Amino acid sequence: MAGASFALTSSGLTKRFRGGQLAVDRIDLAVPSGSVYGFLGPNGSGKTTTIRMLLGLIQPTAGSHAMLGLPMPESQTTALPLVGSLVEGPAFYPHLSGRANLARLDAADRTADRSTARARIDAALDRVGLLAAADKRYKAYSLGMKQRLGIATSLLRPRQMVILDEPTKGLDPQGTREVRALIREIAADGTTVFVSSHLLAEVEQVCTHVGVMRAGRLVYQGPLAQLRGKAGLLVRTPKPELAVRVLSELGLAGIQQAAGQEVTAELGEMVPEVICERLVLAGVPVAGLETPRRSLEDEFVELTGEGFDVD
Amino acid sequence: MSTDGLPTVVRPRLDWRDERLPARANPVPAWLRLFNSELRLVFGRPRNLVLLGVLAIVPVFLGIVLRLTLDTAGGPGGPPFLNQLAGNGVFLALVVLFLTLTVLLLPLSVAVVSGDAIAGEAGLGTLRGLLTVPSGRTRLLAVKYAAIVVFSLAACLLVTVISLIMGLILFHAGSVTLLSGTTVSLGAGVLRVLAVAVFAAAALASLGAIGLAASTLTQHPVGAIAAVLVLTVASEICDQLPELSAIRSYLPTHYWLSWDGLFRSPVDWSGVEHGLLSYVVYAVIFGAIAWAKLTSADITA
């Protein structure tokens with residue numbers, strides 16, 4: 001199973017709540033082993049419901065999924081000990097210390113070795129920088145410390161996959177940076193990381209792959225580089241009509257004559273030098289040529305809808 | 001499935017051979033480990049300790065009050081066994097158990113612990129953490145109920161043992177005269193009192209099963225606790241109404257005080273036997289409800 005090329009797959013995974021609300025609508029996830037998969041989408045787009053289904057907390061209405069190559073939820077008891085998770089923010093017993101809280105979760109794991117518990121708990125606390133505050137009560141923790149303790153639960157033992165739901169929620173920029181560094185570290189061990197966020201900017205630096213949710217649908221999934229890859233072409237010329245003809249001969253898509261003396265198109269696989277040469281040879285006076293790259297943010301907004309669209 | 005065409009990221013991997021899939025080893029040690037953790041949680045929670053503290057003070061307080069007023073108290077209408085108290089201190093335990101059961105102190109303690117069992121974890125959000133470990137839903141429920149049973153027993157024994165100590169200090173200590181007029185040694189009398197404590201604990205454990213079921217139905221522990229207390233009071237009231245005499249023996253609290261037979265010679269077990277049967281039936285029914293609910297519930301808390 002370590003050789004499975006996908007750490008997590010789903011097929012037609014759907015959740016309709018009793019009230020009739022369709023929270024997750026036939027999503028086909030494919031999370032490559034070893035990737036850092038950013039699961040993005042606005043609040044209310046179905047991310048947490050999906051994660052709850054993946055972890056067996058709620059029952060899908062339809063569809064199936066497999067974790068580490070094992071069918072879920074049948075293989076829950078064998079697969080989940082190898083999957084660390086933090087669902088919808090950290091939740092612990094306020095009157096217990098950070099260490100006691102981790103001990104409680106470790107005790108619940110029937111496959112964990114009791115004799116190494118103390119060492120593993122301290123190692124997990126150390127990795128998230130909480131060893132000094134290990135004996136402080138959870139209720140005295142700052143928000144950032146709470147979030148880090150949540151991540152520590154997923155580090156209690158070596159994992160093949162870690163699922164983190166909004167690990168940066170409510171954190172200040174410094175806390176967000178710390179969480180990103182942790183994600184990088186976890187991934188560096190070869191652990192697949194599945195991290196959800198409603199803010200692309202918070203995770204784009206660490207992700208290799210992204211899945212984008214909108215109103216319960218998975219509207220994009222693939223390597224991050226591909227999402228970022230769409231570059232455009234902008235030609236400034238006093239003869240826009242001629243430029244349009246040349247560009248269409250070159251087979252560029254999405255050619256548009258913009259206001260004034262500008263022509264835009266999708267760059268596709270073409271190289272700007274070649275385009276420039278052809279334009280000049282065809283007698284188009286090129287006043288300017290740019291290849292504006294659409295920002296990831298623009299792509300994200302286009303995929304998920306404008307602004308506060310939570311449907 | 002649209003998994004084709006997605007390139008796999010190649011990264012250096014840890015050797016997962018160390019982390020083999022868990023073998024089907026003996027599940028008992030792991031169960032005991034979670035049970036131990038649950039007991040620490042129940043007996044380490046400040047609120048529960050306050051409840052136990054109150055239960056420990058009641059026999060001391062009552063013992064002193066009764067010592068000072070026994071000459072004027074008693075007579076018909078008082079708690080059963082009050083009239084025997086002057087004769088022997090062990091009966092203080094029975095007076096105190098009677099009062100803490102009927103004045104709801106013991107039921108309240110068990111209602112708090114059982115009503116909190118699942119709803120409290122759901123309310124804190126720790127339930128999702130435990131279930132994704134994964135602790136196993138049936139396993140978690142079994143551990144929770146076992147801890148409720150232990151708490152019931154601990155609460156009853158605490159009240160009884162402190163009552164016995166106070167009773168023997170404040171009142172006459174010596175051979176015990178039973179209701180049937182027979183006299184047994186102090187040791188035998190103490191044993192019979194401890195048997196009453198265990199019988200009361202069984203009653204509370206069955207109430208705890210009701211609390212556990214209520215606890216799976218809500219995310220608000222207070223709601224589950226209140227439901228158990230309302231049910232207890234309603235059952236005790238129904239038990240007093242002559243109009244309901246036909247269903248009386250099916251009420252969950254009907255046999256709570258039917259321990260008189262333990263103080264006869266020879267011992268009359270019928271009340272205890274009927275009581276235990278009733279407790280087991282209630283525990284099974286409500287345990288099944290709790291199981292059916294928890295194992296099928298969507299955990300959205």
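All values reported here derive from a predicted model rather than from experimental measurement.

This part is about the overall build of chain A. A count of helical and extended segments in chain A gives eleven helices and 15 strands. For chain A, the residues scored as buried account for 46% of the 311 residues in total. Here the contacts in chain A between residues at least 6 apart in sequence split such that 69% fall between residues at least 24 apart.

Moving on: helix α4 (residues 91–102) of chain B. Residue and element names in this part refer to chain B. The terminal C-alpha atoms of α4, which comprises twelve residues, lie 17 Å apart, in line with the 16 Å expected from a rise of 1.5 Å per residue. Within α4, ten of the twelve residues are buried, leaving the element largely enclosed by the surrounding structure. All of the buried residues in α4 are F91, L92, A93, L94, V95, V96, L97, F98, T100 and L101. Turning to α4, the residues buried within the fold contact α2 (46–69), α3 (82–85), α5 (105–124), α7 (137–170) and α8 (186–216). Phi turns positive, to about 75°, at L104, one or two residues after α4.

Looking along the chain, the bond that leaves B:V133 and enters B:P134 is cis, with omega of 0°. Residue placement: B:P134 occurs in the loop between α6 (126–132) and α7. Residue B:P266 is bonded to the preceding B:S265 through a cis peptide linkage, with omega at 0°. Structurally, B:P266 can be placed in the loop between α9 (221–240) and α10 (270–296). Phi at A:L68 is positive, roughly 55°, even though this residue is not glycine. Its place among the elements puts A:L68 in the loop between β5 (62–67) and β6 (70–72). Here B:L104, not a glycine, exhibits a phi torsion of approximately 75°, which is positive. Note that B:L104 resides in the loop between α4 and α5.

A few words on α5(B). Largest kink in α5(B): about 50°, centred on B:A117. Backbone geometry just downstream of α5(B) places B:G125 in the positive-phi region, at approximately 90°.

Attention now moves to the sheet that holds strand β10 (residues 209–214) of chain A. Residue and element names in this part refer to chain A. Taking strand neighbours across the sheet as the criterion, the six strands line up as β7-β8-β9-β4-β10-β11 in an open arrangement whose pairing is mixed. With one partner strand each, in any of the chains shown, β7 (83–86) and β11 (217–223) form the two edges of the open sheet. For this sheet, the mean angle separating the axes of adjacent strands, direction not counted, is 10°. Contacts between helix α1 (residues 47–54) and the sheet are confined to β4 (36–40), β8 (161–165), β9 (192–197) and β10, with β8 contributing the most and set at about 145° to the helix.

All right, on to the domain arrangement of chain A then. When its domains are assigned, chain A resolves into domain 1 (6–222) and domain 2 (232–293). One C-alpha centre belongs to domain 1 of chain A, the other to domain 2 of chain A, and the line joining them spans 46 Å.

Reading the values: the criteria
Residues numbered from 1 in each chain as written. Chains lettered and ligands numbered in written order. Predicted model: local features only at pLDDT ≥ 70, side-chain atom pairs only at ≥ 80, totals over all residues. Helix = DSSP H or I, 4+ residues; strand = E, 2+ residues; numbered from the N terminus. Buried ≥ 20, exposed ≤ 12 C-beta atoms within 10 Å, placed from the backbone. Contact = placed C-beta atoms within 7 Å. Expected span 1.5 Å × (residues − 1). Bend = angle between axes of the 7 residues up to and from the residue. Pairing = 2+ DSSP bridges. Axes fitted to C-alpha atoms, helices over the stretch in contact; angles between N-to-C directions. Domains from an automatic or database assignment.

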